[in-house]
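Structural description and commentary
Residues per chain are reported as follows:
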Amino acid sequence: MNKRKFNPKKFIKEKIEELKRKIKDKKALVAVSGGVDSAVCAILAKEAIGKNLIAFFIDDGLMREKEAEQVSKILSQKGINLELWNVEENFFEGLKGKIDPEEKRKVFREIFYKTLSQAVRSYSVDFLIQGTIAADIVETQKGIKTQHNVLSQIGINPIYYGLTIIEPLKDLYKNQVRLVAKALGLPKKVYNRKPFPGPGLATRIIGEVTRDRVEKIRLATKIVEEELKEKEIFQAFPVLFSDRATGIIEGKRALGEMIAIRVVKSEDALTAEPVKISWKRLYRIRDRILKEVPGIVKVLYDITPKPPSTIEYI
């Protein structure tokens, strides 16, 4: 798709008609996560098939604070009810002992699609609609990292999971998806929302993903997002390292944990540049993390562009 000539209203009209032709009078389940991609898919599908759509949220224990409640509220305003499954035990058990970043992503993908397969059978639907975008496919095909929502494009037949998948946004990049979201009438807090990876907070933990470590990065994520919410940036988040460093806790030498802050600007997520943040703002983020997140003794700021780095850490 030619990004220069992209017309969101034309795209919406064509995609709704395409969904009508594909789904007809059958039922479909749309996997939503809280991000703009899946929200757009849900609204397009609602316009196309109405009551034959089921919006489905996987509570994997790796989401930001109150994610499910926020998603439910946004979709309900568009007349879409949300079905929620709590399957966090499956994800934590699957990720137990896993250290390698690519292995963790593949484990997440396996559990993710098995859960969706169960949901498709449970609700007796014929199609799964998901918010895969062009950058997800490009990076997975190039071997940069395995995106959780890419299958057929890398030779995995969705039928393996008993799924027939529709990807309305697979030819769009993030900036185009935002234009579509705006044209659909979604509020600015949704269409301008910072990207959040499918595997959630697991992508922001170096080393093993445990409940304790997830809770720490969830707290740090809330702090970073609150302190940078008005900044015109593409993505901003903390990362919890596996290595430890010496520090001082309650007046005594201690081996504590380290958090890095990552803030970047980008249009399509394929390249990115670090954002210059004032010392005053960085100090405020640092002070809150040291005070509110237990066991942290060092806060760092990442100034690496993409490439050679990726935006996320795993």
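The structure we're discussing is the one just above.
First, a word on what this report is: a plain description of the structure on this page. (Residues numbered from 1 in each chain as written. Predicted model: local features only at pLDDT ≥ 70, side-chain atom pairs only at ≥ 80, totals over all residues. Heavy atoms only, no water.)

Some remarks on the packing of helix 9 (residues 211-227) against helix 10 (residues 279-292)
Interaxial distance between helix 9 and helix 10 falls to 10 Å at its minimum, and their mutual angle equals 155 degrees. Here helix 9 lies roughly antiparallel to helix 10, going by the angle between them. In terms of crossing hand, the pair formed by helix 9 and helix 10 is right-handed. Contacts from Leu-219, Ile-223, Val-224, Glu-226 and Glu-227 in helix 9 reach Arg-281, Arg-284, Ile-285, Arg-288, Ile-289 and Glu-292 in helix 10. Tallied by class, the residues present in the contact of helix 9 with helix 10 amount to five nonpolar, no polar and six charged. (Axes fitted to C-alpha atoms, helices over the stretch in contact; angles between N-to-C directions. Helix = DSSP H or I, 4+ residues; strand = E, 2+ residues; numbered from the N terminus. Parallel < 35°, antiparallel > 145°, perpendicular 65-115°, else oblique. Left-handed = near helix turned anticlockwise from the far one by under 90°. Contact = heavy atoms within 4.5 Å. Nonpolar A, V, L, I, M, F, W, Y, C, P; charged D, E, K, R; others polar.)

Here's the deal with the packing of helix 1 (residues 8-23) against helix 2 (residues 36-49)
Relative to each other, helix 1 and helix 2 sit at 60 degrees, their axes nearing to 8 Å. With respect to their mutual orientation, helix 1 and helix 2 come out oblique. In terms of crossing hand, the pair formed by helix 1 and helix 2 is right-handed. Mapping the contact onto sequence places Phe-11, Ile-12, Lys-15, Ile-16, Leu-19, Lys-20 and Ile-23 in helix 1 and Leu-44, Ala-45, Glu-47, Ala-48 and Ile-49 in helix 2. For the contact of helix 1 with helix 2, the class distribution of residues is nine nonpolar, no polar and three charged.

So, the packing of aromatic side chains
Following the criterion strictly, the structure yields ten aromatic pairs and no others. Here Phe-91 and Phe-108 contribute two aromatic rings whose centre-to-centre distance is 4.9 Å and whose plane-to-plane angle is 45 degrees, an arrangement assigned as tilted. In this pair, Phe-91 is assigned in helix 4 (residues 88-95) and Phe-108 in helix 5 (residues 101-122), connecting sequence segments 17 residues apart. A cation sits over an aromatic face here: Arg-64 above Phe-196, 4.0 Å from the ring centre. A cation over a ring is seen here: Arg-204 above Phe-237, with NZ or CZ 4.1 Å from the ring centre. (Phe/Tyr/Trp six-rings, centres within 6.5 Å; stacked < 30°, edge-to-face > 60°. Lys NZ or Arg CZ within 6 Å of the ring centre and 35° of its normal.)

A short note on unusual backbone geometry
At the junction of Lys-306 and Pro-307, the peptide bond is cis and its omega measures out at -15 degrees in the coordinates. In this structure, Pro-307 sits in the segment after strand 9 (296-302). The amide bond that connects Pro-307 to the next residue, Pro-308, takes the cis arrangement and shows omega of 10 degrees. Tracing the sequence through the fold places Pro-308 in the segment after strand 9. Here the phi dihedral of Lys-66 falls at roughly 60 degrees; this positive angle occurs in a residue that is not glycine. For Lys-66, the location among the structural elements is in the loop between strand 2 (53-59) and helix 3 (67-76). With relative accessibility at 55%, the residue Lys-66 sits in the exposed group. (Buried < 20%, exposed > 50% of the residue type's maximum accessible area, 1.4 Å probe, protein only.)

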